[in-house]
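These are the residues of each chain, in order.
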Amino acid sequence: MTNQTYRTDSLIAEDIDAYLQAHQHKTMLRFITCGSVDDGKSTLIGRLLYDSKMIFEDQLASLEADSKKLGTQGGNIDFALLVDGLAAEREQGITIDVAYRFFATEKRKFIVADTPGHEQYTRNMVTGASTADLAVILIDARKGVLTQTRRHSYLVHLLGIRHVVLAVNKMDLVGYDQAVFDAIVADYRQFADSIGINAFTAIPISGLAGDNITTTSPQTPWYQGPSLLAHLEQVPLNSTAAQTAPFRMAVQWVNRPNLDFRGFSGLVASGTLRPGDAVRVLPSGKTSHVARIVALGGDKPTAVAGESITLTLTDEIDCSRGQVIVAAQSPLEVADQFETTIVWMDDTEMVPGRAYWLKIGAQTVSATVQAPKYEINVNTQEHLATKTLDLNAIGVANITTDRDIPFAPYGENSDLGGFILIDKITNRTVAAGMIHFALRRAQNIHWQATEISRQDHAAMKNQKPCVLWLTGLSGSGKSTIANVLERKLARMNRHTFLLDGDNVRHGLNKDLGFTEADRVENIRRVGEVAKLMTDAGLIVITAFISPFRSEREMVREMMQPGEFLEIFVDTPLEHAEARDVKGLYAKARAGVLKNFTGIDSPYEAPEQPEIRIDTTQTTPDEAADMIIARLIP
Amino acid sequence: MTETTLTHLQRLEAESIHILREVVAEAENPVMLYSVGKDSAVMLHLARKAFYPAPPPFPLLHVDTTWKFQDMYALRDRAAADAGMQLIVHQNPQALEQGINPFDHGPLHTDMWKTEGLKQALDLHGFDMAFGGARRDEEKSRAKERVFSFRSANHRWDPKNQRPELWRLYNARKAKGESVRVFPISNWTELDIWQYIHLEGIQIVPLYFAAPRPTVTRDGMLLMVDDDRFPLRPGEVPEMRSIRFRTLGCYPLTGAVESTASTLPQVIQEMLLTTTSERQGRAIDHDQAASMEKKKQDGYF
């Protein structure tokens, strides 16, 4: 097959102005190709690039040389080499998670998300699919619908991609047999129905031979549909639906160059906006009207979904980054508890109860994920019981945020319902999530304002409440120091309360064990109790190993600024183990006691504690005096 | 209600502006790397649109090698003034002192002036996020580059440790000392850039348009003799040819093409009918196989 061209070279040569005029009105389609190397995915993408002349002579020369050296096509051009990673890259074992390729035709510009698939497939495919308007699912005609076809289709559906193309590839290897094609399509339809994919377009192709790629092939006279490229050019974009939906825009940045101008900048998530429209700011609920849609070169009469704009309001109302401006008559829901689907993307597994940063729209809030209700087997779509989610696992779990956030279910709007989770210590993006709906209990429980405030409580006790958080290894001397400290404070007429790790586990936390998740929950509850006690005006002393930085930070954030003092009781492991007052280290070393901090469970030392006590140099009495000196200068 | 279908350029523009604003909202001390080329010109124009009526709330940084074309220096100063932005020019003092130049020092020239110079400038001013005008279609190793590319405290790029980017959500959090290079025009192609320059009337360096210029042919490249620092080899006599540049860098390292395209539509026309890739004119990519990959790991943009 000859090199088909996607553009009229004659027009370019004869009337470049006419060509440019036509090409400035091109639309854009983003799609993802799903399939493994064996399905001919790289060959297909390579062919699309080649046929659209995105490959230049110098690249072609190196491609021809590589094809002779490395190719699998007997000296012919191996298109797969165009898109497969660099040789050095493969040798170094660098993960290519998603590569983006570009080509254009007369009608459209295309961005292809290419996800070389292997063990990291779920994470990579979800990333590539998150921005795609369409998915091409490749099937090898000789093999039919496989487990991986089901996995790809499930992920495409999960990410809400509306257009699905079933490309039955390698038709040349089955003699362009219509019966083979029809059987595969029937098989796939049954499966698609079962997972909720309502419609798809099936096309018989050969990436290698070029059949039904850019033009319909004489080899498949029984196929009446469009070529793959013609279909990609014709697929309707989702702009109508997005523009007729109510207006929503997350405020990214408040533009305030001087006192006379206050603009709100963001990307329109849905709807159409005109000056004069009534709008509401969420979550505050304040209303106003749009004054102007401001742009370099002159104000705009309208703005639609997908545009980045700056608007001004007729009233001076509070509105900052992260808030969402919506059409006044159709506000968004606002909630702080949600059911979600979560795709775990980090090597470190999810820790239920731990606080992560959750970024949604232009807002970043603190959020905790509860233990998953179930994990989904991506190959069979079965629900499995689980306590956590590992790398590439997908599950359904409830999430609680530390404040109300405006949102839409992901199925309605991915900009307002899709989120990422970020580890607070490593700053890595550990998960992607999709909101299903808000949990009703969040909507029905309101904060009850009490008449006697925390200031009143503190004033009556004539002290400033705070939490003195002692952390350190088992046997480091936390409880001893805490006791001396409380005795001294009592003598100074301070109202205190000592929360001891062992004691709390006899009551409030007796249902918790020592796994990472249970340790997180243990600290969370203690934090909540300590917070209530500071509200009551008390000086709270806690003595917990509290081995993880994340949880200590979580408790710090619960408290009023300056009311949390982290005190690191720093004892070398050898010292603590040598003392072994309770005989626990001996048991842990013998393997009788599991998940013991310092032995088979980590202790993350504080990086910047307010106070560090070196117990090899300091007596408990001196330690208590150090803390009091800091507390009462 | 009538539907407005956004064109590909409108969608690209919206995405780039979104990225620019996201960085300004999350960075402590952002900066825009400005190389004076056509990609930089588009990026600067997008920044002006993103923050209008305010000027872009960050400075421009030009990591200068002292070997750029004279026309580039002229446009650089004018463009910064037009945008109402502060322009920071950094020249690596060691390279200056040692007289590092592309004629005598080969790859060391790029390493000292550009890679080291950039690191120095970022450290000197404490910039934590820097915009760059790289595009994914430029070559293979860039196709998989993130929009937000993380660098360790010593500016190294660790391809195994990059964050997944989903939807329009960019994780910009970082520890002290770490920095982020951000590429707002990642998804633009060379043709998109030219079309946008044409549509928006963006000023670019005149060297992109054909004109008679003094040239010599050396090692298969057509080089322009931009000033009298160009050491002519025995027998070499600069010859006037009608040339233009598809990409701009240090003049002794940037190959020209013979051309008569003196208007933007003619340039686009020539680009569409051409058969060699854009970066072919850059000596820097020919140094070694996978050279961009290597440079990136070392801290080059």
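Notes on the structure follow. The numbering scheme is per chain: residues are counted from 1 as the chain's sequence reads. In the order they appear in the text, chains get letters beginning with A and ligands get numbers beginning with 1. Reporting in this predicted model follows two pLDDT cut-offs: at least 70 for local features of residues, and 80 or more for side-chain atom pairs to be given and counted; totals over whole chains, interfaces and linings ignore these cut-offs and use all residues. In computing side-chain values, all of the structure's heavy atoms are included and hydrogens and water are not.

### Section: the overall build of chain A
Here's step 1: Tallying secondary structure elements over chain A gives 21 helices and 28 strands in all.
Here's step 2: Across chain A, every contact between residues at least 6 apart in sequence was considered, and the portion connecting residues at least 24 apart equals 72%.
Here's step 3: Taken as a whole, chain A presents about 26700 Å² of accessible surface, with 50% of it coming from carbon and sulfur. Secondary structure elements are defined from DSSP: runs of H or I of at least 4 residues count as helices, runs of E of at least 2 residues count as strands, and each element is numbered from the N terminus. We call two residues contacting when some pair of their heavy atoms lies within 4.5 Å. Using a 1.4 Å probe, the Shrake-Rupley method yields the accessible areas, and only the shown protein chains count as cover for residues.

### Concerning the pairing of strand β28 (residues 611-614) of chain A
Residue and element names in this part refer to chain A.
Here's step 1: Burial classification: accessible surface area is computed with a 1.4 Å probe over protein chains only, and a residue below 20% of its type maximum counts as buried, one above 50% as exposed, and the rest as partly exposed. Of the two faces of β28, the one holding Ile611 and Ile613 is buried and the one holding Arg612 and Asp614 is not buried anywhere.
Here's step 2: Alignment of strand β27 (residues 564-570) against β28, held across four bridges, turns out to be parallel. Paired with Val569 across the bridge in β28 is Ile613. Two strands form a pair only when DSSP identifies at least two bridges running between them.

### What to know about the environment of Gly207 of chain A
All names here are of chain A.
Here's step 1: Position of Gly207 relative to the elements: it lies in the loop between β6 (201-204) and α10 (228-234).
Here's step 2: When the C-alpha positions of Gly207 and Asp336 are compared, they lie 49 Å apart, and in sequence the two are 129 residues distant.
Here's step 3: Setting aside chain neighbours within four positions, we find Gly207 in contact with Thr43, Arg47, Asn169 and Ile213.

### Things to note about the side chain of Arg21 of chain B
Here's step 1: Note that Arg21 of chain B resides in helix α1 (residues 8-26).
Here's step 2: Just so you know, the count uses Lys and Arg for positive and Asp and Glu for negative, and it drops His and the chain ends. By definition, a salt bridge exists where a carboxyl oxygen of Asp or Glu is found within 4 Å of a side-chain nitrogen of Lys or Arg. No salt bridge is formed by the buried Arg21 of chain B. Its closest oppositely charged neighbour is Glu22 of chain B, at 8.8 Å.

### Observations concerning the sheet that holds strand β2 (residues 60-64) of chain B
In a beta sheet, neighbouring strands are held together by backbone hydrogen bonds and run either parallel or antiparallel to one another.
Residue and element names in this part refer to chain B.
Here's step 1: What the six strands build is an open sheet, ordered β3-β2-β1-β4-β6-β5; its pairing is mixed. The sheet terminates laterally at β3 (87-91) and β5 (148-151), the two strands that pair on one side only. Sheet twist, expressed as the mean angle between neighbouring strand axes with direction ignored, is 30°.
Here's step 2: Where β2 meets β3, five bridges bridge the pair, whose relative direction is parallel. Within β3, the position partnered with Asp64 by the bridge is Gln91.
Here's step 3: Note on definitions: angles span 0 to 180 degrees between N-to-C directions of axes, and those axes are lines fitted to C-alpha atoms, for helices only across the stretch in contact. In the packing of helix α2 (residues 38-51) onto the sheet, contacts are made with β1 (30-33), β2 and β4 (129-131), and the angle to β1 comes to roughly 145°.

### Description of helix α18 (residues 549-558) of chain A
Here's step 1: Within the sequence span of α18 of chain A, burial applies to Ser550, Glu551, Arg552, Met554, Val555 and Met558 of chain A.
Here's step 2: Looking at the packing, one finds that the buried side of α18 of chain A touches β17 (355-360), β24 (466-471), α17 (516-535) and β27 of chain A.

### Details of the nonpolar core
Here's step 1: Among buried residues, those of type Ala, Val, Leu, Ile, Met, Phe, Trp, Tyr and Cys that are joined through side-chain atoms within 4.5 Å constitute a nonpolar core. In this structure, Ile32, Leu166 and Tyr188 of chain A together with Val42, Phe148, Trp188 and Trp194 of chain B are the most contacted members of the largest nonpolar core, which totals 134 residues.
Here's step 2: Leaving out residues up to four positions away in the same chain, Trp188 of chain B has contacts with Lys109 of chain A together with Leu9, Leu12, Glu13, Ser16, Val42, Leu46, Arg135, Asp137, Ile193 and Tyr196 of chain B.
Here's step 3: Of all hydrophobic cores here, the second largest spans 25 residues; its members include Ile360, Ala367, Val369 and Ala393 of chain A.

### Considering the interface of chain A and chain B
Here's step 1: In this complex, chain A contributes 90 residues to the contact, which on the side of chain B involves 73 residues.
Here's step 2: Two parts placed together each lose some accessible area under a 1.4 Å probe, and adding up what both lose gives the buried area. Across the interface of chain A and chain B, roughly 7000 Å² is buried in total on both sides, 59% from carbon and sulfur atoms.
Here's step 3: The interface formed by chain A and chain B contains eight salt bridges.
Here's step 4: For Glu26 of chain B, the salt bridge is made with Lys359 of chain A, and the minimal N-O distance between the two is 3.2 Å.
Here's step 5: Residues adjacent in sequence count toward polar contacts only when both atoms are side-chain atoms; beyond that, a polar contact is any pair of N or O atoms within 3.5 Å, and within protein one must be able to donate a hydrogen and the other to accept it. Scanning the region where chain A abuts chain B turns up 23 residue pairs in polar contact (both at pLDDT 80 or more).
Here's step 6: The element that contributes the greatest number of residues to the side of chain A that touches chain B is helix α2 (residues 16-23) of chain A, accounting for five residues.

### Thoughts on the sheet that holds strand β8 (residues 221-224) of chain B
Residues and elements named next belong to chain B.
Here's step 1: Overall, antiparallel pairing links the four strands, which are arranged β8-β7-β9-β10 in an open sheet. Looking along the sheet, the strands with just one partner apiece sit at the ends: β8 and β10 (257-258).
Here's step 2: Summarising the sheet, strand β7 (residues 211-218) and strand β9 (residues 239-244) pair through five bridges and their orientation is antiparallel. By the bridge assignment, Ala211 is partnered in β9 with Ile243.

### Quick notes on the packing of aromatic side chains
Note on aromatic pairs: each is described by the distance of the centres and the angle between the planes.
All names here are of chain A.
Here's step 1: Side-chain rings of Phe, Tyr and Trp, where Trp is taken by its six-membered ring, are said to pair if the distance between their centres is within 6.5 Å; with planes under 30 degrees apart they count as stacked, over 60 as edge-to-face, and otherwise as tilted. Tallied over the entire structure, the rule returns 24 aromatic pairs over all chains.
Here's step 2: Their ring planes at 70° and their centres at 5.8 Å tell us that Trp344 and Tyr356 sit as a pair that is edge-to-face. Taken together, the residues span a long stretch of sequence, with Trp344 in strand β16 (residues 333-344) and Tyr356 in strand β17 at a distance of 12 residues.
Here's step 3: According to the relative accessible area criterion, Trp344 is buried, its value standing at 0%.
Here's step 4: Its relative accessible area of 2% is what places Tyr356 among the buried residues.

Worth remembering: the numbers are spatial, not functional.
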